[in-house]
Structures are given as structure tokens and as C-alpha cells.
Amino acid sequence: MGGERDRRTTPLIFFARAVLLLGVCLVVGACGSADPTVAPVEDPTTLVAALEDAGAPAQLVEGPGPAFLHLIPQSLLIGGEQLWVYSSQEPLETSSVSTALAGEHFVWANEHLIVRYSGTDGGTILLLDGLLGEALIRPDVAGDEPYPPAVPAAIRAVAAEIGAQPMEIKVVEYAMVQWGDTCLDLGQSGESCDEQTVPGWRVTLRHGEIDFAVHTDLLGEDVRWSLP
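What comes next concerns the included structure. Residue numbers here run from 1 along each chain, matching the order of that chain's written sequence. Only residues with pLDDT of 70 or above have their local features reported here, since the model is predicted, and side-chain atom pairs are shown and tallied only from 80 upward, although totals for entire chains, interfaces and linings are computed over all residues. The basis for the side-chain values is all heavy atoms of the structure; hydrogens and waters are excluded.

A few points about the nonpolar core
Turning to step 1, where the next piece is worked out: As used in this record, nonpolar core signifies buried Ala, Val, Leu, Ile, Met, Phe, Trp, Tyr and Cys residues forming a set joined through side-chain atoms within 4.5 Å. Accessibility here uses a 1.4 Å probe with only protein chains present; expressed as a share of the type maximum, an area under 20% marks a residue as buried, one over 50% as exposed, and anything in between as partly exposed. Leu 47, Leu 51, Leu 76, Ile 78, Leu 83, Trp 108 and Val 115 are the most contacted members of the largest nonpolar core, which has 22 residues in total.
Turning to step 2, where the next piece is worked out: Within the residue set of this core, elements represented by two or more residues are helix H2 (44-53), strand E2 (74-78), strand E3 (81-87), strand E4 (106-109), strand E5 (113-117) and helix H4 (122-132).
Turning to step 3, where the next piece is worked out: Residues count as neighbours in contact if any of their non-hydrogen atoms are within 4.5 Å of one another. Discounting chain neighbours no more than four positions away, the residues touching Leu 83 are Gln 74, Ser 75, Leu 76, Ile 78, Val 115, Arg 116, Tyr 117, Thr 124 and Leu 128.
Turning to step 4, where the next piece is worked out: Judged by nonpolar contacts, the second largest core, of 19 residues, contains Ala 153, Val 171, Tyr 174 and Phe 212. The secondary structure listing takes helices from DSSP runs of H or I that are at least 4 residues long and strands from runs of E that are at least 2 residues long, numbered from the N terminus.

See below:
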């Protein structure tokens, strides 16, 4: 899928900022002209709150984990992804974090918080980049920049419908759009669709010789498609 990614029309960082507007852009017409004030993410509790505001429910789970710099982590679950979160009362030296963990995991760090992630889920990485800034450590992983969550959601939905494996489906292009109604401009006969602006994504997928025009909401929770 790497070759097709160059055809995307919307920078991924725009998506990261959009989903971090304290949930504001997840409701219709709520994005104002002023920048929202986002509480700094400096401990596990505010991280969970920020993730939930961004539309990604998260849960902290107590339990043993890999200690680092004498800190005992908490397990953070975001969907099906597990991360480790370290919190320190004393300011942390990011240089020591970078040296100790180089090359192993995605790592985000500030003066009081370290987030460590060994997975490669694009949506998870993108959200954490938006919340905590560019990852301090970005290991070499397969693929290019991560897709926004709506793209893999579209792939999974189409694959399940046509009985294909997700890896058989190619991404042709994707772009952030504003749909004109709650049915994402693909309402079915007899379906009630409220006319209002809904932020989302237009994704073109290809399976064999067939292209699918997929419409999604911002996070890929509502996925609809047609044949172009």
C-alpha cells in the first residue's frame, strides 16, 4: 500500500489537530474561530481525559509492567492497543529516556510523563503525536506514515462485506471532508438523514479491478460506501 499513499490529499497532522479539539469537532458546527484551551498532559489521569476528549476511550489498568528509571508503569488500554505510562514527580531528562529506550518502541516524553508503545497502529500513534508532540523515539517499522483511524476502519468494513482479507485491499487515496448530512451523503432509500455538517473522510479503496468510494465519520465509527 506504500505506493498509493503518496496520492493522499490531506496532511495527517491536520487530522491529529482536529480530533484533539476537546471533542468539539466531533459534533456538528461546533468548531469556532478561536483555538480551544487544552489542559496540559502531564500525568496518566490527564492523558486518559485528553484521549477521551479526542474520541478515543482509554482505560488505566493497575498491574506489573517493565520498570524504567525506577518508575513503575501503569498499563494504558486504547481500544485493543496496550501502552505503558510512567509518571514522575521529579522532572525527567528526555536525553536519558532517549538513550535508554532508543530503537525499541515508540516513546513520547515530557518532564513528568513517559508513554511507551510497542505496537504500530496508525490511529494510536497519530493521536499520541497530537497530544504529546512528535514521538521522542520512532523505531523503524514497516510502512510509511500511519493512516488516520478512519482508513483502516474502512478497509476492515469493506473486507468483511466482500469476504476478502484486509491486506488484499489497496488504499488509492483519502481526504478529510465535510459531509452534508448524518448519513455521510450516502443515505439509503427510506433512511432519515438530518441535514447538518459532519466532519469525516472520503476514502477510495481498490480490490482487484473494483474501486470502492467509502464515506466515514471522523474516527471511522460510521462507514458507508458505494461503487464509484
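So that's the structure; there's more coming.
Here we look at the packing of aromatic side chains
Turning to step 1, where the next piece is worked out: Each Phe, Tyr or Trp ring (for Trp, its six-membered ring) is paired with any other whose centre lies within 6.5 Å, and the angle between the two planes then decides the class: stacked below 30 degrees, edge-to-face above 60, tilted in between. The full count for this structure, using the stated rule, is three aromatic pairs.
Turning to step 2, where the next piece is worked out: Consider the rings of Phe 106 and Trp 108, whose centres lie 6.0 Å apart with planes at 15°: the pair is stacked. Per residue, the accessibility class of Phe 106 equals that of Trp 108, and both read buried.
Turning to step 3, where the next piece is worked out: A relative accessible area of 4% means that Phe 106 is categorised as buried.
Turning to step 4, where the next piece is worked out: Linked through ring pairs, Phe 106, Trp 108 and Tyr 117 together constitute an aromatic cluster.

Details of the state of the cysteines
Turning to step 1, where the next piece is worked out: Disulfide assignment relies on a single distance test, namely cysteine sulfur atoms paired within 2.5 Å. The final tally for this structure, using the stated rule, is one disulfide.
Turning to step 2, where the next piece is worked out: Two residues, Cys 183 and Cys 193, share a disulfide whose sulfurs are 1.9 Å apart. Between Cys 183 and Cys 193 the sulfur-sulfur dihedral comes to about -90°; the bridge is accordingly left-handed. Separated by ten residues along the polypeptide, Cys 183 in the loop between strand E6 (170-181) and strand E7 (195-207) and Cys 193 in the loop between E6 and E7 bring together distant segments of the chain.
Turning to step 3, where the next piece is worked out: Judged by its relative accessible area of 2%, Cys 183 falls in the buried class.
Turning to step 4, where the next piece is worked out: The class of Cys 193 is partly exposed, set by a relative accessible area of 24%.

Some remarks on the sheet that holds E2
Turning to step 1, where the next piece is worked out: In space, the five strands of this open sheet follow the order E1-E2-E3-E5-E4, with antiparallel pairing throughout. Across the chains shown, the open sheet's two edge strands, defined by having one partner strand only, are strand E1 (58-61) and E4. Adjacent strand axes in the sheet meet at a mean angle of 25° when their direction is disregarded.
Turning to step 2, where the next piece is worked out: Strands are treated as partners if at least two bridges between them are detected by DSSP. In this structure, E4 lies alongside E5, joined through four bridges in antiparallel fashion. Axis definition: a line fit to C-alpha positions, over the contact stretch in the case of helices; interaxial angles, taken between N-to-C directions, run 0 to 180 degrees.

Details of the sheet that holds E7
Sheets are built from strands that pair by backbone hydrogen bonding, the pairs being arranged parallel or antiparallel.
Turning to step 1, where the next piece is worked out: Spatially, E6-E7-E8-E9 is the arrangement adopted by the four strands of the open sheet, whose pairing is antiparallel. Strand pairing shows two members of the sheet lacking a second neighbour, E6 and strand E9 (223-226), which therefore form its edges. Taking each pair of neighbouring strands and ignoring which way they run, the sheet shows an average axis angle of 25°.
Turning to step 2, where the next piece is worked out: Direction of pairing for E6 relative to E7: antiparallel, over a ladder of ten bridges. Each residue of the ladder has a partner; that of Val 177, found in E7, is Gly 200.

Examining unusual backbone geometry
Turning to step 1, where the next piece is worked out: The phi torsion at Leu 184 lies on the positive side, around 60°, for a residue other than glycine.
Turning to step 2, where the next piece is worked out: One can find Leu 184 in the loop between E6 and E7.
Turning to step 3, where the next piece is worked out: Residue classification places Leu 184 among the buried residues on the basis of a relative accessible area of 1%.
Turning to step 4, where the next piece is worked out: A positive phi angle is found at Asp 185, which is not glycine, with a value near 60°.
Turning to step 5, where the next piece is worked out: Inspection of the secondary structure assignment puts Asp 185 in the loop between E6 and E7.

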